[in-house]
Amino acid sequence: MFQEMLLAEAVDGAPKAQEPLSGPQQKLLQHLLAQRFPSAAAATPPATAPAAAPAAVTAPAPSAPKVTTKIQQKAKTPITPTAPAPQSLRELARRVQAGELEAVRQLDEKLRGDDELCVQIASEGLATPLSKMLGDSKHQEAALKLMLLLSDAGVSQSADVGTELIAGGAVPKLIQLLSSDSMQEMAAAVLGNLCHESPENQDKLADNQMFQKLVEMLSFPGAVAQEAAYAIWNLTVGHEKNSDAIARLGAVPKLAELLKSTSDIAQENAAGALMHITISQEARSVIGNAIPKLCELLQGSFEPEVSTQAAGALLNLASDSSEYAKQIVSNGAVPSLVNLVKDGPDLAKEYSAGALMNLMRGDMEVASNAAKQGAIPSLANLLSRPSGHSESLGALANLASGSSERQIQIYKAQVTRKTVALLGDEDVDVRRSAAALLMNLAPHAKIKERIVEAQALKPLAKALKDSDEILNERAAGALANLFNDHSANVHAGFQQAPEMIPSLVSLIQTPGLSEDAKRQGAHALAMLAAEDGPCDAVWQAGAGPPLLVLLKDMIGEAALGIMNLSWRWPQVKAELVKSGTLEYLMDMLKHGDDLAKEYAAGALMNMTAGSPDNAEKATAAVKDLSELLKSNAVQAAEWAAGALANITRSGQAAQETAIENGAATSIAALLPKVTANGMSLVVLALASLAETQGNSVSKALGAEAKAKLRDFRDSNNSDLQEYTKTLVDKLGPGFSL
């Protein structure tokens, strides 16, 4: 590696002047690097590993974004009648406007069974006269029946009948009728219809007196409770304020009890209401008792509509509660959900995919079980249907998390090109989930090549500029994983979408950006900086200052970026030092998390390579680097050794401090498990310490360490042979391998 060549220069006593390489020298250096270290770039980080790579959304592995969702239905576009009603019906409508009861009955009879005709006649000025009739005991039943017929048709035809009825004054009268034993069922049904898929009408109907009465009706027998549940369902779809208010009135236990009804309509309405009322935290806190029954309703013995709403309720319950997710899994929901994704109605497929997505969030055992049940091909097939893409992609993303076996299964399901295409979908949730799946497939060495072949780089670069920050984060994470330990992909990205570099630099400077997004953006820039051409472009795009800001904020990936930027040009290294980089790195080495300490050690290694001035400024890090040598993460220990090799060259005091903190013993213990990329680093570190602390180094090198050094001496690596010989010479005639 390049830093190793600089270290060797220090060991051999060559001049230490900081001078840029000429063009021919640069080419010679790259040629030597390619010959001597074919599998390692100067500061290329390790192959992706769940325990050591940067975080994706909520977990420490870049292959583990935890996509989650709650169902919040959107209002449909209302349909305006395209043709007037027949003349005979319009004449009846005029008689209704005049308050004629018989006209109401005749109109009801003629319209029944023809929803399209109902929608046409609803625009003939019926709202106000029918609303007035609701207050007349002689007229109210007939008026209510006709109002129910018209509003049912509006729901069926996705036509906005409700707004006109509300404007006509129907709501206060309907609330009064909720107290009528004979008409409360129909009144509840009409109220449910009025706000069906209409957020505006949900707001207009928000009335605590009505909520209280509907909740009371949930305890009534038969169809009354069924229609009350229907009204609550439509009042709470995507409406947190209504959900909170109704939950506070005690609706949840009653809806849970209604799930046990023998009526499939009552079960469907109760499950639908529970599905949406659970956006309320208050509702979620008391709904646990409903979970076993909801899981039971997923089974094929129940009506598909019932299972669909039960799946939706479970989707929301699992969205941000690990406790409920565990209960759902323990009640055997996973096989049933997989079956619904495979064979259920379209909406059931979508809800069940979403529920699986949330249940697998951070739970490898559930993901493994779902895969064994056949979830992967079923979810992949859902991508060929017109809906459910976000949920399917999200579930597949969580299945891919941390499992190369499942990553291969997903790839074999032929989803790669579809996923890349969906990065351009108009629905931001679909774009988010597509980026998440690519991010979680990309750690696999072979699959990342196929993703690039599927032309993912351009759309991922475009996604960095999207107005949605979650998508920005996942696109950056996908790029980071595609580039990680893959030089060809880095160069492909630079050639196909060089605009990604300024976009990433801009991303990590975005005010209010989440920590995960900062990590992903910095990680992607670090991977680009590991290669020659992209490295220059990253620096020229102004990555230095924002990376230093992240460095001060203890974002470990920023240290990785500094590590890779500092390996090539002395001028870059000097500029970074002027900005306080060494101090920030030493602070991270002392106070950062384990991964941040590892990257800080690597950055210090490169910042001090070939620079005695920098090495002397970094002597305060010797104690912390000596401690990092004891890390269970071999690469962290190797990079600490590399940094110590440079820094302890600054003089006897640094070497004594390292020995006092057990550096020689720790390096000796590291020798038997050192990787190919770290061999030179540990030998050079021992050689630096041996300059004034030869006795301590000799004592630390036991039989196992000496055996490893003999292997180095006898290897085919001429540099390693030379470094080992230098070490033995420094230890003096009394030492022998």
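Now for a quick tour of the structure. (Residues numbered from 1 in each chain as written. Predicted model: local features only at pLDDT ≥ 70, side-chain atom pairs only at ≥ 80, totals over all residues. Heavy atoms only, no water.)

A few points about the overall build of the chain
Here is the rule: Only runs of H or I of at least four residues qualify as helices and only runs of E of at least two qualify as strands under DSSP, and these elements are numbered from the N terminus. Exposure is judged per residue with a 1.4 Å probe applied to protein chains only, and the accessible area is read against the type maximum: over 50% gives exposed, under 20% gives buried, and values in between give partly exposed. Two residues form a contact once any of their heavy atoms are found within 4.5 Å. For the accessible areas, the method is Shrake-Rupley and the probe is 1.4 Å, while residue cover comes only from the protein chains on display.
Of the regular secondary structure elements, the chain holds 48 helices and zero strands. When each of the 737 residues of the chain is scored for burial, the buried share is 58%. Considering only intrachain contacts with a sequence separation of at least 6, the fraction spanning at least 24 residues in the chain is 74%. Looking at the chain as shown, the accessible area adds up to about 28800 Å², and 48% of this sits on carbon and sulfur atoms.

Structural notes on the packing of helix 32 (residues 487-496) against helix 35 (residues 532-540)
To be explicit about the condition: Only the stretch in contact is used when a helix axis is fitted, and all axes are lines through C-alpha atoms; the angle between N-to-C directions ranges over 0 to 180 degrees. Roughly parallel refers to an angle under 35 degrees, roughly antiparallel to one over 145, roughly perpendicular to one between 65 and 115, and oblique to any angle outside these ranges. The hand of a helix crossing depends on one turn: near helix anticlockwise from the far one by less than a right angle means left-handed, and clockwise means right-handed.
Relative to each other, helix 32 and helix 35 sit at 55°, their axes nearing to 9 Å. Between helix 32 and helix 35, the angle is such that the two are oblique. In this structure, helix 32 crosses over helix 35, and the sense of that crossing is left-handed. On the side of helix 32, the interface is formed by V490, H491 and F494, while helix 35 contributes G533, P534 and A537.

Structural notes on the pattern of salt bridges
The line we're drawing: When a carboxyl oxygen of Asp or Glu lies within 4 Å of a side-chain nitrogen of Lys or Arg, that pair is called a salt bridge.
Per the stated rule, a full pass over the model turns up 22 salt bridges. Here E91 makes a salt bridge to R94, at a shortest N to O gap of 2.7 Å. Here R94 and E91 lie together in helix 3 (residues 87-97), a separation of three residues that amounts to about one turn. The shortest N-O distance in the salt bridge between E691 and R649 comes to 1.6 Å. Residue E691 is located in helix 46 (residues 679-700), and its partner R649 is located in the loop between helix 43 (634-647) and helix 44 (652-660); the two are separated by 42 residues in the primary sequence. Look at E691 and you get partly exposed, because its relative accessible area is 33%. Given the relative accessible area of 25%, R649 is considered partly exposed. Here the residues in one salt-bridge network are D429, R432 and D468, joined through shared partners.

Points about the environment of A480
Within the secondary structure, A480 is located in helix 31 (residues 469-483). Residue A480 is classed as buried on the basis of its relative accessible area, which comes to 0%. With 37 residues separating them in the primary sequence, A480 and P443 have C-alpha atoms 9.3 Å apart. Apart from residues no more than four positions distant in its own chain, A480 is found in contact with Q520, H523, A524 and M527.

Description of the side chain of K293
Tracing the backbone shows K293 in helix 18 (residues 291-296). Exposure remark for K293: the relative accessible area of 17% places this residue in the buried category. Residues contacting K293, with those up to four places away along its chain left out, are L259, K260 and F302.

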